[in-house]
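Observations on chain architecture
For reference, the chains in residue letters:
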Amino acid sequence: MPLYRDLAERLRTQIEAGVWQPGERIPSIRQSCQAHRLSPMTVLQAYQLLESQGLLQARPQSGYYVKGSPARQPTAMGVTRYTGAVDINDLVFEVLQASKARNLVPLGMAVADPHLFPLPRLGRLLASCMRSLDPFSTVTDLPPGNEALRRAIAQRYARHGLPVDPGEIIITTGAMEALSLSLQALTEPGDWVVVESPTFYGALQAIERLKLRAVEIPVIPGVGICLSRLEAALRDRPIKACWLMANVQHPLGHTQRDEHKAALMALLARYRVPVVEDDVYGELYFGRERPLPLKAWDKAGTSLLCSSFSKCVAPGFRVGWVVAGQYAPRIERLQLISTLATNVPSQLALAALLTQGGYDAHLRRLRTTLARRMSQMRSALLALLPESVTLSQPEGGFFLWLTLPPGCDTRALHRQALAAGFSLAPGALFSGGGEHEHGLRLNASLPWSPELEQALSTLAGWIRALCPQT
C-alpha cells in the first residue's frame, strides 16, 4: 500500500473511533511529518484523499478539520431574541471589579497575561517621544489623530491586501471608543441593532448607554452568525446597524470563512444595513495568514472597521482606531465633543514601534505562546470535564468558552470561584436576554502553574457535581 494511503487509513480509523471529533483540527502537515517520518507531499496526499472522501475539510490559513455528517454539524446557539432595552452594565461592573484582585488566579481576566507584552521597549519609546515632543502636537494630533500612526496602520492593511486611505482612519481612546462612536454615528436612541449571541459584553454596554434596542442573533460555532436568522431579523425589524466580530469572535474564538464573510456582506448590502466590525483580535490568529476583515467584501462602502493595540501589544496605552470611510467626518465631530482627543504621547510611541521594526516579530512570538497555552489548558479541561460540557475550538485569541448543560448557573460558580481564590467570567455577561447563563469564559493566556492547575481542578469538580448523570 502506498505510504499516503496507509496514513489515510490510519486517520480514517481514528476518526471512526472518535479520536478526532467533527469540527476538530487534525495534526498539521508538519506535525504529521514529524510523527510518522513522512514527507510533506506524502502527508498532503493523505489529507487530500480524506478530503475527497468527505472526511476532512481544508480551511484556508488554518489547516484540516474533521467534517461531520449533516446530522452532526454544529447548529446555532439558541434562538433569535428581540431583547429590546439592555441592562448589563451593573453585572459587568460587578464581575470586572471582583476579578481585579492580584491574589486571584485571573481566569476571568479580560486581557492577556501582561508579561507577554513588550512593556520595557514601549516605556523607552514613550520616554524618547516625550523628550522630543513638539508642543504644537497637542493641536495637530487632535482628531483624526497622529498622521504617522494613521499612515503606519494604513500600511499594515495594505500589506494584507486591504487598501485603506489614512484619511479614513480616526485614532480613538481604545477600541471601545471606536466602536461606540461608530454605533452612535449610525443610530438614534430607540433604534434596533443586531449583535451576535453570545457576544462581547462591550457591545451590550454600548447599546445600553446609547439607549438602543438589541436583536441577538445566534452564532453557529466554528461558522459565524446564522445568516438565515439574520435575514429573518432584517425582514422583521428596521435594523439600523450590525455589530459583528468576523475574526476570532469573542467569546467563541472562531474565524468566519471567506465565503461566509462574502455572503454576510452581500446580505447586509441587499438590506442596506451598515456593519460595525470589531476586529481587536484579528492579529491574534493561529493560522498562517492574517484573516481579512469584513471590509474586504464591502462594495457599498458602509462598513466601519474598528481595532486597537490593547489586545496585542499595549493594553494600558488605550489607543485604538476606526476605518470610518464616509462616516469619518461625523465620527471626528462626535469624538471632539466627547473625549476631545486620544493621548498624544501614546500615539507617538506606537507610531515609532510600528515604523522602527520588531512589531511583527513580537506578534509572532505572542501568537505562538498563546496557541501553546491555549492548547495546554484545553487539553487539561478535556481530561477533567464531563462529556456533557462542550469546549470551544478557538482559532486565535486567548479565551476558552465552556457550555454547561442548560440549568447550570455559572453566576453561582463565579461567586464560588472568588471565595476559592480564582476568577471566572459567567455566561450572563455575553447576552442581554439571558441566553447563555450556562456558559463560561476562561482566560487561556496564563502560564501553567500549580495554582492554575488547582483552580482548573476545583472548577471541574464543581461542574462534575452539577452534571451527576455524566
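Position numbers for residues start from 1 in each chain and track the written sequence from start to end. Only residues with pLDDT of at least 70 are given local features in this predicted model, and only at 80 or more are side-chain atom pairs given and counted; all residues enter the totals for whole chains, interfaces and linings. Each side-chain value is worked out from all heavy atoms of the structure, with water and hydrogens disregarded.

1. Digging into the overall build of the protein chain
Rule in force here: Only DSSP runs of H or I with at least four residues qualify as helices, and only runs of E with at least two residues qualify as strands; both kinds are numbered from the N terminus onward. Here the globule rule is a power law, 2.2 Å times the number of residues to the power 0.38, and the radius of gyration is based on C-alpha atoms. Three exposure classes are used, based on accessible area relative to the maximum for each residue type with a 1.4 Å probe and protein chains only: buried under 20%, partly exposed in between, and exposed over 50%. Contacts: residue pairs with any heavy atoms within 4.5 Å of one another. The protein chains shown are the only cover counted for residues, whose accessible areas, like all others here, come from Shrake-Rupley with a 1.4 Å probe. His is not counted, nor are the chain ends; Lys and Arg add positive charge and Asp and Glu add negative charge. Working definition for charges: the position is that of NZ of Lys, CZ of Arg, CG of Asp or CD of Glu.
For the protein chain, the helix and strand inventory stands at 16 helices and 15 strands. Rg of the C-alpha trace for the protein chain: 23 Å, near the compact-globule value of 23 Å for 470 residues, within the 12% margin. For the protein chain, with 470 residues in total, the buried portion stands at 53%. Look at the contacts in the protein chain between residues 6 or more apart in sequence, and 75% of them connect residues 24 or more apart. Surface exposure of the protein chain reaches about 20,400 Å², of which carbon and sulfur atoms provide 53%. If you average the places of the 48 positive and of the 39 negative side-chain charges in the protein chain, the two averages end up 4 Å apart.

2. A few points about helix H16 (residues 450-466)
Here is the rule we go by: The span you would expect from a helix comes to 1.5 Å times its residue count less one. Here, the arc refers to the directions that run from the helix axis to the C-beta atoms.
End to end, H16 covers 25 Å across 17 residues, agreeing with the expected 24 Å (1.5 Å per residue, within 8%). Those residues of H16 that fall on the buried side of the exposure criterion are Leu452, Ala455, Leu456, Leu459, Ala460 and Ile463. For H16, the arc enclosing every buried residue in end-on projection is 130 degrees, short of the 170-degree limit, so these residues lie on one face. The outward face of H16, more than 90 degrees from its buried face, is lined by the exposed residues Pro450, Glu451 and Ala465. Considering only its buried residues, H16 is in contact with helix H14 (359-384), strand S13 (399-403), helix H15 (410-420) and strand S15 (439-443).

3. A look at the sheet that holds strand S14 (residues 425-426)
Put simply, the rule reads: Strands were regarded as paired on the criterion that DSSP finds at least two bridges between them.
Taken together, the four strands give an open sheet; going across it, the order is S12-S13-S15-S14, and neighbouring strands pair in antiparallel fashion. Either end of the sheet is taken by a strand with one partner, and the two such strands are strand S12 (390-391) and S14. The pairing of S14 with S15 spans two bridges and is classified as antiparallel. Counterpart to Pro426 in the pairing with S15 is Leu440.

4. Focus: the domain arrangement of the protein chain
Our working definition: Domain ranges listed in this record stem from an automatic or a database domain assignment.
When its domains are assigned, the protein chain resolves into domain 1 (3-66), domain 2 (86-114 + 364-466) and domain 3 (117-359). For domain 1 and domain 2, the distance between their C-alpha centroids amounts to 31 Å.

5. What to know about the layout of surface pockets
Short version of the rule: Here a cavity is any set of points on a 1 Å grid over the protein atoms alone where a 1.4 Å probe fits but cannot get out, and a pocket is any open set with protein on both sides within 12 Å along at least 5 of 7 lines; a residue lines the site when it has an atom within 4 Å of a point. Grid points are joined across faces, edges and corners, and a volume is the space filled by probe spheres set on the points.
Space inside the second largest pocket adds up to approximately 810 Å³. Met109, Ala110, Val111, Pro114 and Pro315 are, among the 32 residues lining the second largest pocket, the residues nearest its centre. Put simply, the parts of the chain that give the lining of the second largest pocket at least two residues each are helix H8 (174-186) and helix H9 (201-209). Counting residues domain by domain, the lining of the second largest pocket receives three or more from each of domain 2 (86-114 + 364-466) and domain 3 (117-359).

6. Let's talk about the nonpolar core
Note the cut-off: Only buried Ala, Val, Leu, Ile, Met, Phe, Trp, Tyr and Cys residues count toward a nonpolar core, and they belong to the same one when joined by side-chain atoms within 4.5 Å.
One finds Leu107, Leu183, Phe309, Leu350 and Leu402 to be the most contacted residues of the largest nonpolar core, which totals 114 residues. Counting only domains with at least three residues in this core, you end up with domain 2 (86-114 + 364-466) and domain 3 (117-359). Leave out the neighbours within four places in its chain, and Leu350 touches Leu122, Leu149, Phe309, Val313, Ala314, Phe317 and Val319. In terms of nonpolar packing, the next biggest core, distinct from the first, is built from 19 residues, Ile225, Ala233, Cys242 and Val273 among them.

7. Points about the packing of aromatic side chains
To describe a pair of aromatic rings, one takes the distance between the centres and the angle between the planes. Test applied: Between 30 and 60 degrees the pair is tilted, below 30 it is stacked and above 60 it is edge-to-face, where a pair is any two Phe, Tyr or Trp rings, Trp via its six-membered ring, whose centres lie within 6.5 Å. We call a charge positioned above a ring when the Lys NZ or Arg CZ atom is no farther than 6 Å from the ring centre and deviates by at most 35 degrees from the ring normal.
Tallied over the entire structure, the rule returns 11 aromatic pairs. Between Phe309 and Trp321, the aromatic rings sit 5.0 Å apart at their centres with planes inclined by 55 degrees, giving tilted as the arrangement. With Phe309 in the loop between strand S10 (303-308) and strand S11 (320-323) and Trp321 in strand S11, this pair connects stretches of sequence that are 12 residues apart. Accessibility assignment for this pair places Phe309 and Trp321 in one class, buried. A centroid spacing of 5.6 Å and a plane angle of 20 degrees characterise the contact between Phe422 and Trp462, whose relative ring orientation is stacked. Taken together, the positions of Phe422 in the loop between H15 and S14 and Trp462 in helix H16 put the pair 40 residues apart, joining distant regions of the chain. Linked through ring pairs, Phe200, Tyr201, Trp401 and Phe430 together constitute an aromatic cluster. The ring of Tyr82 has Arg237 lying over it, and the distance from NZ or CZ to the ring centre is 4.1 Å.

8. A few points about empty space enclosed by the protein
The condition that has to hold: Put simply, Ala, Val, Leu, Ile, Met, Phe, Trp, Tyr, Cys and Pro go in the nonpolar bin, Asp, Glu, Lys and Arg in the charged bin, and everything else, Gly too, in the polar bin.
Under the definition given, this model contains four cavities of 30 Å³ or more. Looking at the largest cavity, its volume works out to about 140 Å³. Elements with a contribution of two residues or more to the lining of the largest cavity: helix H7 (147-159) and S10. With three residues, H7 is the largest single contributor of residues to the lining of the largest cavity. Looking at the lining of the largest cavity residue by residue, the class counts come to nine nonpolar, four polar and four charged. One number sums up the size of the second largest cavity: a volume of about 50 Å³. Around the second largest cavity, the lining residues are Val248, Gln249, His250, Pro251, Gly253, Tyr281, Gly396, Gly397, Phe398 and Phe399. Broken down by class, the residue content of the lining of the second largest cavity amounts to five nonpolar, five polar and no charged.

9. Focus on unusual backbone geometry
In the segment running from Ser197 into Pro198, the intervening peptide bond is cis, with an omega of 5 degrees. With respect to the helices, strands and loops of the structure, Pro198 is situated in the loop between strand S5 (192-197) and H9. Cis geometry marks the peptide bond from His250 to Pro251; its omega dihedral reads 20 degrees. Locating Pro251 in the fold gives a position in the loop between strand S8 (239-244) and helix H11 (258-270).

10. A few points about helix H10 (residues 227-236)
Listed as buried for H10 are Leu230, Ala233 and Leu234. Here the buried residues of H10 occupy an arc of 100 degrees about the axis, which is enough to place them on one side. Away from its buried face by more than 90 degrees, H10 exposes Ser228 and Arg235.

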